[in-house]
Every structure is written in C-alpha cells, then in structure tokens.
Amino acid sequence: MSLPPLVEPADELTVDEVRRYSRHLIIPDVGMDGQKRLKNAKVLVVGAGGLGSPALLYLAAAGVGTLGIIDFDVVDESNLQRQIIHGQSDVDRPKAVSARDSVREVNPNTEVVLHEERLDSDNAFRIFEPYDLIVDGTDNFATRYLVNDACVLLGKPYVWGSIYRFDGQASVFWADHGPCYRCLYPEPPPPGMVPSCAEGGVLGVLCASIGSIQVNEAIKLIAGFGEPLVGRLMTYDALEMNYRALKVRKDPECPLCGKNPTITELIDYEAFCGTVSEEAQEAAAGSTITAGELKRMIDGGEDFQLVDVREKNEYEIVSIPGSVLIPKGEFLNGEAFAKLPQDKKIVLHCKSGARSAEALAALKGAGFSDAVHVGGGVLAWINQVDPSLPTY
C-alpha cells in the first residue's frame, strides 16, 4: 500500500544541491519535491556497524538533511570485513565519530548528530523524539524490542533489518499503518537459541544487501512514493540468490499495538530477552572462575579437563592451549556427557561466557556437580593472559 509522504518539503534546493542530486531529480517519482523532502528529513540510525554502515552512507548520499548516529562502541579490526564506513586508521576510534567523518566526506550538506551512549529505556524517548523515522542496524533482541516499543509509543516508523551468515530479513514496522515487530515476533527466542553474528558469523556483503533495502524503504517513506514494506517481510538467501516477500498481519491481540494494549511504557529489555537463562545464571553462581585462575590451575599442574563449547570454525581461529572441543549443542542434547571423564573436574569455556554457562547448567543437571566455567571465555584469556592470540 502507498502512504503519504512522511516529511514536508524544504523551501528550496541550492544550485549545488541541484547538481549533486540531478540523477534523483530526473526521476519523476522523486523529482524536486521528493528531494526537498529528503533534505528536510531527520533519520536516526541505531548502530554504526554492519547494517548501519551502508545505511548511513546511502542515506547521506541520497541527501537526507539530518542523520543521527547512536553507537557507544569502538572500531575493532574484526569489524572491517563488513562495516565499510570504517577504515584501518579508524581502529580503536569511537564508531560514531568514525561514521560521522565518513558521512561528511560523502555529503558535507548532511548534518550529523552523535549519540555516543548505550540505548536503553531511560534515554530512548529523548533520543528518538526529534527524528522522523528510525533505521535499526543492531544485532541483539533486547535492542530490537526496545526500538520497536519506543517507535510504537512515539508513533514513528521503524525500518528494521536482520542478518546472519547468508540470510537477511527486512521490513517496515509502523503501528499506525500495519503491524509492529511484536506482531511478527511476540516473544524473544530462548537465551542462547539464536547465535549472534559474533558467534555464528555473517557474509560481509550481506550487510550491503539488507542495509540498502532499509535505505530504499526509508527514502520511499520520506518522499511518499512506491509501496513500502509495511505488512511485508522481505527475506534474502544469498546462497540461493533468492528474495521472498511474506505477508505480516497486524495482531489484534498484540500487547503493544493491539486493541487492548498492556504495554504502555518501556520495560527492562535485558530481563525480557535474557542474555542467559535462569538455569544458566543459577549454574554459574559460585561456579565461575577467571581466566587468571584458569592459568594458575594449568601452571600448577592440576588434573582437570578443559572443554571449549564453541563451534569448530571458531576453535580453528583461536583456542586456549589444552582445550578439547565439544560444541554447546552436544551438552544440550546429552551427547557430550559420554565424552567427558568421570574422574576429573570439568572446566568449560566459550568466547565470552554465555554459551559455557548454558552448557554448565546442562552439565550440572547430569550430575557433574563440581564443574565450573570461565567467565569472559576466550576474550578474557586473550585480555588477561595471552594478548598475542588473535581475536574475532
């Protein structure tokens, strides 16, 4: 369905702007009116990472007048495979600052507003309020539900994208005209069920495919042409080179945008989504050691079995010396227990500590009561013990 333009047009375009946007101006559906609306638009991009990188660059190139960037992270070398707004010289710089500099290089006419803070329930309304629409480039469920809920409560359109390995999804959630994110995903998946890109990886160029779809939708909403992805979910399989559009209907019983909403304010989204399950938290309580303690156990010649619960491809990148690989899934389905010694203490670790906590809960449930896991995992080992090892 077509929708009216989201933004009123600016008064005029300068001679320089007419030259810059000439290829837009000769498209009848965009024209002078559409370009003036882009000039007057204020768009917030949440995250200057894989999806945020192409989104910010193309929004700036298209002539969006004001771009907000919210990101509290710094550029890491592992980002450069897909986060094309940053370069080698930006490593260790704040992502928001690096992204701002790239945007200014693409289009000095675009005003950039930085929000170098972690988005949460306390600041979301304040940050979102000045903008016409929100483009979400995050990769965790807590932030997605937060962005969705804030957009619904403020009446703003939410341009959403998601990527994982070779698969991508995109949609526009706008409760005034269709479903919201909760209509599609009423509840987050159980903790640890869906790996993040940091755990499962992502094909770098997939970010450009999905990020450009998000920008395409933002431009259509701002200028008021075409049929936006309101009420539709676009899926993309890069391996099969296949796009599909699926209908998403508004849920009349949605607790946020339904007939009788029960969610009328922002909630604790970390608790709602859960970084790890309650069982994992209970298992880890009193059974967590530091990377330094693990090093002392190894140096002291203690007799124990160190088990890496990551995936094989992660283990091949970097591993803690002496560890054996048994992926988390084998703990959850019970296959791992037959592979473990009965006469040694078991020490588990993963990349950061979340997956090993989940595996620890399963292990303790199987009777390995003295098992422990390494808080912070491989990352803590690299930071505290052996910084010469590669990270990812």
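Everything discussed here concerns the structure shown above.
## Observations concerning the packing of aromatic side chains
In step 1: On inspection of all chains with the given rule, the structure shows 11 aromatic pairs.
In step 2: Seen from their ring centres, Y145 and F272 are 5.2 Å apart, and the 85° between their planes marks the pair as edge-to-face. Of the two residues, Y145 is situated in helix 7 (residues 141-154) and F272 in helix 11 (residues 269-273); the sequence distance between them amounts to 127 residues.
In step 3: Here the aromatic rings of F331 and F337 are separated by 6.4 Å at their centres, their planes lie at 80°, and the arrangement is edge-to-face.
In step 4: Overall, the relative accessible area of 1% leaves F331 in the buried class.
In step 5: Aromatic ring contacts, followed pair by pair, group Y145, Y158, W160, F173, Y181, Y185 and F272 into a single cluster.
In step 6: R144 extends its terminal NZ or CZ atom over the ring of F141, reaching a point 5.1 Å from the ring centre.
In step 7: One residue, K351, lies across the ring of Y392, its end atom 4.1 Å from the ring centre.

## What about the pattern of salt bridges?
Side-chain pairs of opposite charge can arise whenever the charged atoms involved come near each other.
In step 1: Summed over all chains, the structure comprises 17 salt bridges.
In step 2: A salt bridge links K259 to E253, with the nearest nitrogen and oxygen atoms 3.8 Å apart. In this pair, the class of K259 matches that of E253, namely exposed.
In step 3: Note that K312 and E316 form a salt bridge whose closest N and O atoms lie 2.4 Å from each other. Of this pair, K312 and E316 both sit in helix 14 (residues 312-317), separated by four residues, roughly a single helical turn.

## As for the environment of D167
In step 1: Within the secondary structure, D167 is located in strand 6 (residues 167-173).
In step 2: As a C-alpha pair, D167 and M241 span 74 residues in sequence and 9.9 Å in three-dimensional space.
In step 3: The contacts of D167, once residues within four sequence positions are left out, are S162, L206, Y236 and D237.

## Brief notes about a nonpolar patch on the surface
In step 1: A surface patch of nonpolar side chains, amounting to about 360 Å² of accessible area, comprises F166, L203, V205 and L239.
In step 2: With respect to the helices and strands, V205 occurs in helix 10 (residues 204-223).

Reading the values: the criteria
Residues numbered from 1 in each chain as written. Predicted model: local features only at pLDDT ≥ 70, side-chain atom pairs only at ≥ 80, totals over all residues. Heavy atoms only, no water. Phe/Tyr/Trp six-rings, centres within 6.5 Å; stacked < 30°, edge-to-face > 60°. Helix = DSSP H or I, 4+ residues; strand = E, 2+ residues; numbered from the N terminus. Buried < 20%, exposed > 50% of the residue type's maximum accessible area, 1.4 Å probe, protein only. Lys NZ or Arg CZ within 6 Å of the ring centre and 35° of its normal. Salt bridge = Lys/Arg side-chain N within 4 Å of Asp/Glu carboxyl O. Contact = heavy atoms within 4.5 Å. Patch = residues over 30% accessible without salt bridge, like charges linked within 9 Å, V, L, I, M, F, W, Y side chains within 5 Å. Areas by Shrake-Rupley, 256 points an atom, 1.4 Å probe, with all protein chains shown as cover.

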